[in-house]
Amino acid sequence: MIQLGQILFILSVLVILHEFGHYITARMFKVRVEKFYLFMDAGFALLKKKIGDTEWGIGWLPIGGYVKLAGMVDESMDMEQMKQEPQPWEFRSKPAWQRLIIMLGGIIVNILLAWFLYTVVYTTYGQKYVSTDKIQENGLSFGETGLNAGFKNGDKILSVDGVHQERFNRMVLDALLGDNIEIERNGQKQTIVLSDENKAKILAKEGRDFVGARNLISQVVIDSVASVKNKPSVLMAGDKLQMLNNKSFVYFDEFTDELKNHKGKTVPVTVLRKGAPVTVLLAVDKKGDAGFGDSIFLTESMDMADSSVNQIVPGSEADKAKLQENDVILGFNNRVYENFFDFKSELSQSANKDITLNILRGTQRMALPAHVGKNGKLGFILKPNNQPSYEIVNKLNVAEAFPEAVKESWQLLIYNVKQFKLILRPKTEAYKHVKSPVGIARALPDTWNWEFIWNFTALFSIGLAFMNLLPIPGLDGGHALFTIAEMITGKTLSEKAMGHVQTAGMIILLSLMVLTFGKDIYQLIADKLL
């Protein structure tokens, strides 16, 4: 429900302000606005009220919104009005330059909104990003699709198409959108060329997670294990990997790389289980895989004494218990836990029960009465104090934040263009990963975080501006294109032709919406049933 609430809130903000851009420019040029709707009112509206010449309302279908301008062929396909003599207050009676501004009003507001939100975020929370140089000081770790594309664990990415990217998330995106990736391997520079087929496999299986920071094997713990073909695994939840075939490793990816040297064999693996070393025989398949990521799932291992509260979910049970950032969690019900995995496992057994949370605040030990949620959680996030941080946080004042907000918006617009070009390359199969609001909502966090919401709203606002710039009939860009053509040639499409063009555009848009919504709804149902 929180994910649904977030996407509805974000869509409402974006749609209202986008349509307000059309509304305010139309009113500025004295064009009558007959309707202003949040969401579509196909058949009926949830709420509506007429104030002056404008009917304000909320539709039942949350896929956008619209303003209906007098004297314009739009989504309503109201052709009867167009048969009458043009009136001074109608859209069609205005000069082409005024009509162009009205058409671009929503896009302009989207861009201004992104500038405003990023300025507020940068001055309030800070400009945050993961440093490419910091995260790959010891090289990077790659998933199966990355390794198959030619990368090796420990590689460092120097540049993509000749450009070094200081932000890690952008560097990953550049790698998927670019062609020539320069890497450093064992001190030597090499170039990897990602084919469209490689990109299709990466997008299908791992996406942006095909590359990440190298994890120390000492900081990895087995979170859960699923049986395969009714055969129980020799590994157990809570196990910490130590040695493989009597070899020890620094990084977890070194462990998985070593597995590939024992394809089709059974090898001894030593784990730390409940504080004691245990050796088990682990089966490795013909591909050199033992099930990590498929049937054996990992999580970060954190010592409770060396970790502290990093974030508290507003309104959560932890928030109600007055837990604070930087508190050290010792345990609950007067039981002290050494690692977070054991604490989390035991806490899940106390779902919907009252407990006493034992913490250390500064140098003072405290006991906080708390209630565990139905999901077996309290609603806080821990951070390991002894783990290196890859994040850069720049606290900016308004004079510094605004130009950075403009720069960020421009960069996002460029990335939208690059991603659109990738979608148009069939071999990448990127078109399969276009998401509707249903798919986007499923990807949102299940906790309400204002910093994330405002960042995402700004990002989505630039995406909405780009989408509406596309010269597709039915979108703002389509209307703007015809208006610009009219300004250049001095000729206009007939109302009949405009009706046909608008109909064709609506068919295209509705078809795309049906495909993306259908795909995401099917996936939602499949995930629940399978």
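Calculation notes
Residues numbered from 1 in each chain as written. Predicted model: local features only at pLDDT ≥ 70, side-chain atom pairs only at ≥ 80, totals over all residues. Heavy atoms only, no water. Axes fitted to C-alpha atoms, helices over the stretch in contact; angles between N-to-C directions. Helix = DSSP H or I, 4+ residues; strand = E, 2+ residues; numbered from the N terminus. Parallel < 35°, antiparallel > 145°, perpendicular 65-115°, else oblique. Left-handed = near helix turned anticlockwise from the far one by under 90°. Contact = heavy atoms within 4.5 Å. Nonpolar A, V, L, I, M, F, W, Y, C, P; charged D, E, K, R; others polar. Phe/Tyr/Trp six-rings, centres within 6.5 Å; stacked < 30°, edge-to-face > 60°. Buried < 20%, exposed > 50% of the residue type's maximum accessible area, 1.4 Å probe, protein only. Lys NZ or Arg CZ within 6 Å of the ring centre and 35° of its normal. Patch = residues over 30% accessible without salt bridge, like charges linked within 9 Å, V, L, I, M, F, W, Y side chains within 5 Å. Areas by Shrake-Rupley, 256 points an atom, 1.4 Å probe, with all protein chains shown as cover. Salt bridge = Lys/Arg side-chain N within 4 Å of Asp/Glu carboxyl O. Lys, Arg positive; Asp, Glu negative; His and termini not counted. Charge placed at Lys NZ, Arg CZ, Asp CG, Glu CD.

Caption draft 1: Spatial organisation of the packing of helix H2 (residues 96-124) against helix H10 (residues 398-423). The interhelical angle for the contact between H2 and H10, taken along N-to-C directions, is 130 degrees, at an axis separation of 8 Å. Classified by the interaxial angle, the pair formed by H2 and H10 is oblique. Judged by the sense of rotation from one axis to the other, the crossing of H2 with H10 is right-handed. For the pair H2 and H10, the contacting residues are Ala114, Trp115, Tyr118, Thr119, Tyr122 and Thr123 in the first and Val398, Ala401, Phe402, Glu404, Ala405, Val406, Glu408, Ser409 and Leu412 in the second. Classifying every residue of the contact of H2 with H10 by side-chain character gives 10 nonpolar, 3 polar and 2 charged.

Caption draft 2: Layout of the packing of aromatic side chains. Counting across every chain of the model gives 27 aromatic pairs. For the pair phenylalanine 29 and tryptophan 97, a centre-to-centre distance of 5.5 Å together with 85 degrees between the ring planes defines the contact as edge-to-face. Of this pair, phenylalanine 29 sits in the loop between helix H1 (2-28) and strand E1 (33-51) while tryptophan 97 is found in helix H2, placing the two residues 68 residues apart along the sequence. Judged by relative accessible area, which is 13%, phenylalanine 29 ranks as buried. Their ring planes at 50 degrees and their centres at 6.4 Å tell us that phenylalanine 343 and phenylalanine 380 sit as a pair that is tilted. Here the residue phenylalanine 343 occupies a position in helix H9 (residues 340-348), and phenylalanine 380 occupies one in strand E20 (residues 380-384), the gap between them amounting to 37 residues. Cluster of aromatic residues (ring-pair linked, three or more members): Phe332, Tyr337, Phe340, Phe343 and Phe380. The positively charged end of arginine 32 is found above the aromatic ring belonging to tryptophan 89, 4.3 Å away from the centroid.

Caption draft 3: View of a negative patch on the surface. There is a patch of like negative charges on the surface, built from Asp303, Asp306, Glu338 and Asp342. With respect to the helices and strands, aspartate 306 occurs in the loop between strand E14 (296-300) and strand E15 (307-312).

These figures come from the coordinates and say nothing about function on their own.
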